[in-house]
There are 4 protein chains.
Amino acid sequence: MATKPFAIIAGVGPGTGASIARKFAQAYSVVVLARNAANYKPLVQEINSSGGQALGISSDLSDSESVKSAFKQISQHHASSPLAAAVFNVGGGFVKKPFLELTEEEFTLGYRSQGQGGFNFAQTSLPLLLQAKGSLPHPPTLIFTGATASVKGSATFATFATGKFALRALAQSLAREFGPQGVHVSHVIIDGVIDTPRTKAWANEHEDGKLDPDAIADAYWHLHTQPRTTFGFELDLRPYVEKW
Amino acid sequence: MATKPFAIIAGVGPGTGASIARKFAQAYSVVVLARNAANYKPLVQEINSSGGQALGISSDLSDSESVKSAFKQISQHHASSPLAAAVFNVGGGFVKKPFLELTEEEFTLGYRSQGQGGFNFAQTSLPLLLQAKGSLPHPPTLIFTGATASVKGSATFATFATGKFALRALAQSLAREFGPQGVHVSHVIIDGVIDTPRTKAWANEHEDGKLDPDAIADAYWHLHTQPRTTFGFELDLRPYVEKW
Amino acid sequence: MATKPFAIIAGVGPGTGASIARKFAQAYSVVVLARNAANYKPLVQEINSSGGQALGISSDLSDSESVKSAFKQISQHHASSPLAAAVFNVGGGFVKKPFLELTEEEFTLGYRSQGQGGFNFAQTSLPLLLQAKGSLPHPPTLIFTGATASVKGSATFATFATGKFALRALAQSLAREFGPQGVHVSHVIIDGVIDTPRTKAWANEHEDGKLDPDAIADAYWHLHTQPRTTFGFELDLRPYVEKW
Amino acid sequence: MATKPFAIIAGVGPGTGASIARKFAQAYSVVVLARNAANYKPLVQEINSSGGQALGISSDLSDSESVKSAFKQISQHHASSPLAAAVFNVGGGFVKKPFLELTEEEFTLGYRSQGQGGFNFAQTSLPLLLQAKGSLPHPPTLIFTGATASVKGSATFATFATGKFALRALAQSLAREFGPQGVHVSHVIIDGVIDTPRTKAWANEHEDGKLDPDAIADAYWHLHTQPRTTFGFELDLRPYVEKW
């Protein structure tokens, strides 16, 4: 049981989520969520062994029961701590396929992971963020990770785009409802390939042609530190050589 | 069994859907879909008794089995006819509520009716539209009905906005995939209150302050008649006094 | 001196402007404006010799004195006729060049032709459109022609994009100010190459890969015929094979 | 003559421009530009007397000769220093008036201050930014200040909106042309009233209901520090209670 403020980062693997967790762990205790424990274990160990505080919980954000169970654990662990920030960085739903070959189940993956997952995460974290108001150095913050597909429905990307468009609608609606209540809601559009272990091998004709997860994390942190006079809602990030 | 081209209008009640059906029935045989037969029966009778051809089928577009069953009936009835146009004008998912009071089921209504419904309708109608190519006076057309919530996520509108954003993503993706294959995909944003029997009583400070369903139908017909050299994708319609 | 309603089409050459003039000449007397008489003379002759009524006036829309002089001629010619529609279809300002090589004069061409030209045209035609209200079958209409560059500032397109963005801002502002006064203001985004004598030779890998000016004119006419309950503001038109 | 990197902030009064100058002066020598020396003199004195380095130059950005003359002074003063950042924060062109009452001169003010001013500033600063590449801790940066009117043309705001739309077009075009050359171009949308001495008296029903210039400056600095892997292009900032 700690009274240090904490942050929840949902969707942690070796890429953006881990960088965001590391960044926020410099100021807060962090809780990291991922479907598979293998995705957060090395990170939790790394943070805890380097002076930070991290707790990993396995959770499927698209399943409301799983989310409730995770937040029950979180409440027990952080019973008396304020929630400073909640970041929804969940992947999934990325299916690239000719539309007529999509099964109903495949198509629904986009919405389940992004829309449904975003709903579950927001509904459980917002009461904690509202409660934390006033006891923190920065306004409590809820950040959603978007993508190129948040603003453009490309051919054969119907699954992912419906999910990401839905998530952006959710973020806008929450920003307009909870901003006036003092919670900072943001949506970051990641436009390009992120430099992760998985994409290392991907050919890129340009040096520095992939997004740096640590630089993405810096942007999330900057948004979090904004005062309520000056809330940023949407920021698009891309490599200098990206076509857009 | 007829060889006259036909159009399918999904989401038919006493408002926009009925006007679209009447308009397209001037040139084509029409199939109208609604969850409840009571919603299409008077219209089917009206069209058939005034020299047109209409068939009504009860179908829940958010249920893929129900859609398949409806299209089986359609195929039997129009076995040798080309599908000239398919219009997705399905309502549902309109839930206005503080976000934290939404149940999971309520929130999902937006996506189920719009995203899932749009998927089911597009996947069953697109093969027929592709097949019809070349045998028609105008390129086969798939039109989706959007709303203000297609481009703006307002406070307490998370449910409807996630559904309508998702539908717009789907429409964009299909336009980019099937346009080059000769199918015209469009998305119409209805920004304002539509003048229907249900909204007649709603106060409106301005004369003519509600959208006329027949004028909306004229716009859909105009889009349908465009040649493939000049496909319109998105059109926003609103009353002259609407704030936007 | 005639009492038949008339339309003004500004920016008439052998392409879209001519098609719009021909279309509107089926219902109205038309006045066509172009910088060089050579651009409208064949069209005026064609319309007049085929039962229509057309008047051509040389005018540089970016020069307010020239516009005033043109509208003085128009008022004399159509003293007792209502102005049914005014279409701003003026080209110019298309300079594609590395930014650092642009002269100040070249850069300003975009704004001069589009922003300044649009202002001059709107300010002289709006009083006539307001005056015409009520005496016409359709609400008086002011339509602006946009382009891909109206919504995207591409590399080396700074000149044209600043002009077209400015014109879109003007169209939005006028729609919001004059819509409630009964004047229908629209903005049409032409996204692709238009099929004109000048572009005939341009290679295009696809059959029907260029926009048909007559189909564009049909869209303008459709917008014009919309009742005030159902004003369309923005429509994007492109060939079925266009990448977007 | 100094070798410390420097930043240029154009459009400096007691509000945002001054805050940006103070922020960048913590790391760089700064040059501040304003039409009237009275607008920058107290700021220059403040920075110089508190350990920073500031130079003020009177310049009318909409006048290319005036801009050239200012940059000549800048080159002499910073002959051997790299230009780290250039910020275009110029006001002007804010005319709110019924469209038909606007004079041609008034209407042009929007474009002159924003479009023309932005062009002059970008064309003189970009060669210096390109030259500075590689010798700086952060990629050289060019930031433009936008407003609500950058993305929405409201009624009676035609003048300001045409200017701000044009400036956004310019920013997009430059980001796409100079991003791949290593210069970071950004556009920040300020959506709301900024808390300045001038607006202090303006009633606001909400505490903290105006944007804090220092928080805006923090956002500009954050954008400047992003590596080329992760360039942010557009960020919208508004008070938590702002309607949007």
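Remember, predicted model here, so these are calculated numbers, not experimental data.

J.: What am I meant to see in the packing of aromatic side chains here?
T.: Each aromatic ring pair is specified by the distance between its two centres and by the angle formed by the two planes. In the structure shown here, the tally under the stated rule is 46 aromatic pairs over all chains. When the ring of Phe71 of chain D is compared with that of Phe121 of chain D, the centres are 6.3 Å apart and the planes differ by 70°; the resulting orientation is edge-to-face. A residue pair is termed long-range when its members are at least 10 positions apart, and Phe71 of chain D in helix α3 (residues 64-77) and Phe121 of chain D in helix α4 (residues 104-132) qualify at 50 residues. Note on accessibility: Phe71 of chain D and Phe121 of chain D belong to one class, buried. One aromatic cluster is present, built from ring pairs that chain together Phe71, Phe88, Phe121 and Phe144 of chain A. For Arg238 of chain A, the ring lying beneath its charged end belongs to Trp244 of chain A, and the centroid distance is 3.9 Å.

J.: Is there a simple way to explain the relation of the copies chain A and chain B in this structure?
T.: Laying chain A over chain B is done by rotating through 180° and shifting 0.0 Å along the axis; what remains is an RMSD of 0.0 Å. As the rotation angle and translation indicate, the two copies are arranged about a two-fold axis. Taken as a fraction of all interface residues of chain A, those also at the interface in chain B reach 100%, which identifies the copy contact as same-surface.

J.: Please clarify how the environment of Leu167 of chain B should be interpreted in this entry.
T.: Residues and elements named next belong to chain B. Tracing the sequence through the fold places Leu167 in helix α5 (residues 158-178). Its relative accessible area of 0% is what places Leu167 among the buried residues. Spatially, the C-alpha atom of Leu167 lies 22 Å from that of Gln226, the residues being 59 residues apart in sequence. Leave out the neighbours within four places in its chain, and Leu167 touches Phe88, Gln114, Gly118, Phe144 and Thr145.

J.: It is not clear to me how unusual backbone geometry should be interpreted in this structure. Could you clarify?
T.: Across the chain, the bulk of peptide bonds are trans and the bulk of non-glycine residues have phi less than zero. Even without being a glycine, Thr156 of chain C presents a positive backbone phi close to 65°. Here Thr156 of chain C shows up in the loop between β5 (141-147) and α5 (158-178). Here Asp208 of chain D, not a glycine, exhibits a phi torsion of approximately 60°, which is positive. Residue position: Asp208 of chain D is located in the loop between β6 (184-190) and α6 (213-225).

J.: Could you clarify how one ought to interpret the confidence of the model for chain A in this entry?
T.: Residues shown with low pLDDT carry predicted positions that ought not to be read at fine detail. Averaged over all residues, the pLDDT of chain A is 96; the fraction at 70 or higher stands at 99%. ipTM for the predicted complex: 0.97, alongside a pTM of 0.98.

J.: Looking at this structure, I do not really get the interface of chain A and chain B. What am I missing?
T.: Between chain A and chain B, the contact holds 41 residues from the first and 41 residues from the second. Scanning the region where chain A abuts chain B turns up zero salt bridges. Counting across the interface, chain A meets chain B through 23 residue pairs in polar contact (both at pLDDT 80 or more). Of the residues belonging to the side of chain A that touches chain B, the class tally is 22 nonpolar, 13 polar and six charged.

J.: Looking at this structure, I do not really get the pairing of strand β6 (residues 184-190) of chain A. What am I missing?
T.: Moving residue by residue along a regular strand, the side chains alternate between the two faces of the sheet. Residues and elements named next belong to chain A. Judged by how many residues are buried, β6 sits mostly within the fold: seven of seven residues are covered. Both faces of β6 are covered, namely the face carrying His184, Ser186, Val188 and Ile190 and the face carrying Val185, His187 and Ile189. As defined by bridge partners, strand β5 (residues 141-147) adjoins β6 across seven bridges and the pair is classed as parallel. Of the residues in β6, the one forming a bridge with Phe144 is His187. At this point the chain moves from β5, through helix α5 (residues 158-178), to the parallel β6, and the crossover so formed is right-handed. When β6 meets strand β7 (residues 231-238), the two strands line up parallel, connected through four bridges. By the bridge assignment for β7, Val188 is matched with Leu235. Of the crossover connections in this fold, the one passing from β6 over helix α6 (residues 213-225) to the parallel β7 is left-handed.

Cut-off values and rules
Residues numbered from 1 in each chain as written. Chains lettered and ligands numbered in written order. Predicted model: local features only at pLDDT ≥ 70, side-chain atom pairs only at ≥ 80, totals over all residues. Heavy atoms only, no water. Phe/Tyr/Trp six-rings, centres within 6.5 Å; stacked < 30°, edge-to-face > 60°. Helix = DSSP H or I, 4+ residues; strand = E, 2+ residues; numbered from the N terminus. Buried < 20%, exposed > 50% of the residue type's maximum accessible area, 1.4 Å probe, protein only. Lys NZ or Arg CZ within 6 Å of the ring centre and 35° of its normal. Least-squares fit on C-alpha atoms with pLDDT ≥ 70 in both. Contact = heavy atoms within 4.5 Å. pLDDT = per-residue confidence, 0-100. Salt bridge = Lys/Arg side-chain N within 4 Å of Asp/Glu carboxyl O. Polar contact = N/O pair within 3.5 Å; in protein donor to acceptor, adjacent residues only side chain to side chain. Nonpolar A, V, L, I, M, F, W, Y, C, P; charged D, E, K, R; others polar. Pairing = 2+ DSSP bridges. Right-handed = clockwise from strand over helix to strand, strands pointing away.

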